[in-house]
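Residue-level listing of the chains:
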Amino acid sequence: MSNQSYKNKFLDSALETKALKFGSFTLKSGRKSPYFFNMGQFSTGKSLDQLCTGYAHAIIASGIKFDVLFGPAYKGIPLAAVTVTKLYQLGGPEYADVGYAFNRKEKKDHGEGGSIVGTPLKGKKIFIIDDVMTAGTAINEAFGIIKEEEGTAIGCVIALDRQETTKDSNISATKAVSEKYSVPVLSIVNFDDIVERLKDKLTAEQLEAIADYRRKYFPST
């Protein structure tokens, strides 16, 4: 499947499930956004399969080799579990032994104990999977957990790269994380892909709102 094909399939699914909506939305950051992406809408077998197929294609296209797909609790747990099966289905034997793992929010103090469920991270090359990315607490936590478990984080994959700047810099959150940890950050789609795919379906008013948002919050070149 070509890059554009899996991107388009993902965006079609995002619209069908209403995971991707257009309008006026106040984000956690306080910014007024002309669109909103809600990963929780991928909540059926069909839509979750389509989502994780997109993740798998993005990972395979990168050619990056790794041992474990790590999904930070809680949203990352189903993403990691389903995506490793899609990697095997789409990528074949090369991905047969890729494991998945996630962290407990509270360490288990009985049985085997510990905070990691699934494949142990020690000595392994780890890919992190998540929905979207900010340069804040959540992603730093994931890198911290992997380091504590003596694994090596070698990359991240997210569903959507919003491409906008962080509050504290003139670079995007994905670039900030990539530079901080010296790892690639992949995405199924980015903001430009959304606009390109849907520009003929959006109203002139929506396109103007998108252009205004880009002027305000995208990195200046």
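Looking at an unreviewed UniProt entry, the chain carries the name orotate phosphoribosyltransferase, with the source organism given as Brettanomyces naardenensis. Under the UniProt heading Function (unreviewed entry), the note attached to the chain is "Catalyzes the transfer of a ribosyl phosphate group from 5-phosphoribose 1-diphosphate to orotate, leading to the formation of orotidine monophosphate (OMP)." We quote the UniProt Subunit (unreviewed entry) comment for the chain here in full: "Homodimer."

1. Remarks on the packing of aromatic side chains
In total, this model carries nine aromatic pairs according to the counting rule given. Look at Phe10 and Phe42: their rings are 5.8 Å apart centre to centre, the planes differ by 10°, and that puts the pair in the stacked class. Within this pair, whereas Phe10 is found in helix 1 (residues 3-16), its partner Phe42 is found in the loop between strand 2 (32-37) and helix 2 (45-62), the two being separated by 32 residues in sequence. The buried category is assigned to Phe10, whose relative accessible area is 2%. The exposure class of Phe42 is buried, given its relative accessible area of 6%. Ring-pair connections join several aromatic residues into one group, and the members of that group are Phe10, Phe37 and Phe42. Directly above the aromatic system of Phe218 lies the positively charged group of Arg214, at a separation of 5.0 Å from the ring centroid.

2. Re the pattern of salt bridges
Summed over the entire model, instances satisfying the criterion amount to 13 salt bridges. Put simply, Lys7 and Asp193 hold a salt bridge, and the shortest N to O gap is 3.4 Å. Here the residue Lys7 occupies a position in helix 1, and Asp193 occupies one in helix 6 (residues 191-198), the gap between them amounting to 186 residues. Relative accessible area serves as the criterion here: at 13%, Lys7 is assigned to the buried category. Taking relative accessible area as the criterion, Asp193 reaches 14% and is therefore assigned buried. In the salt-bridge network here, residues are joined through shared partners; they are Glu208, Asp212, Arg215 and Lys216.

3. Observations concerning the side chain of Arg31
Within the secondary structure, Arg31 is located in the loop between strand 1 (20-26) and strand 2. Here Arg31 falls in the buried class, since its relative accessible area comes to 10%. At 2.9 Å, the side chain of Arg31 and the side chain of Glu164 are in polar contact.

4. Structural notes on the environment of Leu11
The residue Leu11 is located in helix 1 in this model. With near-sequence residues (within four places) excluded, Leu11 lies in contact with Leu20, Val189, Asp193, Ile194 and Arg197.

5. Regarding helix 2
Since the α-helix advances by 3.6 residues per turn, residues separated by three or four positions end up pointing in the same direction. With 18 residues, helix 2 should cover 26 Å at 1.5 Å per step; its first-to-last C-alpha distance of 26 Å lies within 8% of that length. One or two residues past the end of helix 2 sits Gly63, with phi positive at roughly 75°.

6. Points about the nonpolar core
Soluble globular proteins tend to pack their nonpolar side chains together in the buried interior. Residues Phe10, Leu51 and Tyr55 are the most contacted members of the largest nonpolar core, which totals 41 residues. For this core, the secondary structure elements donating two or more residues are helix 1, strand 2, helix 2, helix 3 (76-91), strand 6 (125-130), strand 7 (152-161), strand 8 (185-190) and helix 6. Among the elements that line this core, the one with the most residues is helix 2, at six residues. What Leu51 contacts, discounting residues up to four positions off in sequence, is Phe10, Met39, Phe42, Leu79, Ala159 and Ile188. One finds Ile116, Ile139, Phe143 and Ile145 within the second-largest nonpolar core, a separate group that totals 18 residues.

7. Here we look at the side chain of Asn103
Locating Asn103 in the fold gives a position in strand 4 (residues 99-108). We classify Asn103 as buried; its relative accessible area is 8%. Here Ala73 takes part through its backbone nitrogen, which lies 2.9 Å from a polar atom of the side chain of Asn103. If near-sequence neighbours (up to four positions away) are discounted, Asn103 is found in contact with Phe70, Gly71, Pro72, Ala73, Ser115, Ile116 and Ile145.

8. Considering the pairing of strand 7
Among the ten residues of strand 7, nine are classified as buried, and the element is accordingly described as predominantly covered. Sheet topology places strand 6 next to strand 7; six bridges connect them, and they run parallel. Among the inter-strand pairings, Ile128 is bridged to a residue of strand 7, identified as Cys156. Sheet analysis places strand 7 next to strand 8, joined by five bridges and oriented parallel. The residue bridging Leu160 from the neighbouring strand is Val189, located in strand 8. Crossover connection from strand 7 via helix 5 (residues 173-181) to parallel strand 8: handedness right-handed.

Reading guide: rules and limits
Residues numbered from 1 in each chain as written. Predicted model: local features only at pLDDT ≥ 70, side-chain atom pairs only at ≥ 80, totals over all residues. Heavy atoms only, no water. UniProt positions renumbered as here; feature names shortened; annotations may be inferred. Phe/Tyr/Trp six-rings, centres within 6.5 Å; stacked < 30°, edge-to-face > 60°. Helix = DSSP H or I, 4+ residues; strand = E, 2+ residues; numbered from the N terminus. Buried < 20%, exposed > 50% of the residue type's maximum accessible area, 1.4 Å probe, protein only. Lys NZ or Arg CZ within 6 Å of the ring centre and 35° of its normal. Salt bridge = Lys/Arg side-chain N within 4 Å of Asp/Glu carboxyl O. Polar contact = N/O pair within 3.5 Å; in protein donor to acceptor, adjacent residues only side chain to side chain. Contact = heavy atoms within 4.5 Å. Expected span 1.5 Å × (residues − 1). Core = buried A, V, L, I, M, F, W, Y, C linked by side-chain atoms within 4.5 Å. Pairing = 2+ DSSP bridges. Right-handed = clockwise from strand over helix to strand, strands pointing away.

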